[in-house]
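# Fold and geometry: a report
One-letter residues, chain by chain:
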Amino acid sequence: MPALSEHVNVYTTAIAVLENKGFSVWYDRKQDAYCAERDGWDFWADSPVSLLGLVAIFEYKNPSEYTSRWWETEGTIRYPDVPETAPEYTPVYDRI
């Protein structure tokens with residue numbers, strides 16, 4: 001059992017976090033997409049949790065202007081080569 005996972009019971013929290021960050025949030029029924037916008041930067045996703053993830057990328061990159069593929073960031077793990085085994089760790093809920 002993870003400490004948190006994407007599920008409908010987290011959607012309201014994700015929307016509240018986006019609103020508290022100053023984003024307008026709405027659901028576009030025609031596109032079947034959850035949307036957020038702030039200062040002209042707009043994002044679409046399949047769920048509010050995914051939408052919050054896109055905003056996290058935006059905040060991490062902190063672009064000053066729009067450029068093609070502004071979101072790209074190099075890392076040590078590349079999709080689709082994500083490891084299939086978890087590292088050794090003690091879950092936070094087992095520490096109490």
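In what follows, the structure referred to is the one given above.
All values reported here derive from a predicted model rather than from experimental measurement. (Residues numbered from 1 in each chain as written. Predicted model: local features only at pLDDT ≥ 70, side-chain atom pairs only at ≥ 80, totals over all residues. Heavy atoms only, no water.)

## What to know about the sheet that holds strand E1 (residues 24–28)
The strand order across the open sheet formed by 3 strands is E1-E2-E3, and the pairing between neighbours is antiparallel. Here the strands that pair on one side only, and so sit at the sheet edges, are E1 and strand E3 (41–45). If you compare each strand with its neighbour and ignore which way they point, the axes differ by 20 degrees on average. Here helix H2 (residues 48–61) sits on the sheet in contact with E1, strand E2 (33–38) and E3, set at roughly 145 degrees to E3. (Pairing = 2+ DSSP bridges. Helix = DSSP H or I, 4+ residues; strand = E, 2+ residues; numbered from the N terminus. Axes fitted to C-alpha atoms, helices over the stretch in contact; angles between N-to-C directions. Contact = heavy atoms within 4.5 Å.)

## As for the side chain of Ser47
Tracing the chain through its elements places Ser47 in the loop between E3 and H2. Residue Ser47 is classed as buried on the basis of its relative accessible area of 3%. Here the side chain of Ser47 touches Ser50 through a polar contact of 3.1 Å, landing on its backbone nitrogen. Not counting residues up to four positions away in its chain, the partners in contact with Ser47 are Glu6, Tyr11 and Tyr34. (Buried < 20%, exposed > 50% of the residue type's maximum accessible area, 1.4 Å probe, protein only. Polar contact = N/O pair within 3.5 Å; in protein donor to acceptor, adjacent residues only side chain to side chain.)

## Let's talk about the environment of Glu72
Inspection of the secondary structure puts Glu72 in the segment after H2. Separated by 15 residues in sequence, Glu72 and Ile57 place their C-alpha atoms 9.2 Å apart. One polar contact links Glu72 to Arg69, side chain to side chain, over a distance of 2.5 Å.

## Let's talk about the packing of helix H1 (residues 11–20) against H2
Two quantities define a packed helix pair, namely the angle between the helix axes and the distance between the axes. Packing of H1 against H2 leaves a shortest axis separation of 8 Å and a crossing angle of 35 degrees. By crossing handedness, the relation of H1 to H2 is classed as left-handed. Two secondary-structure elements touch here, H1 through Tyr11, Ala14, Ile15, Val17 and Leu18 and H2 through Pro48, Val49, Leu51, Leu52 and Val55. Considered class by class, the residues forming the contact of H1 with H2 number 10 nonpolar, no polar and no charged. (Left-handed = near helix turned anticlockwise from the far one by under 90°. Nonpolar A, V, L, I, M, F, W, Y, C, P; charged D, E, K, R; others polar.)

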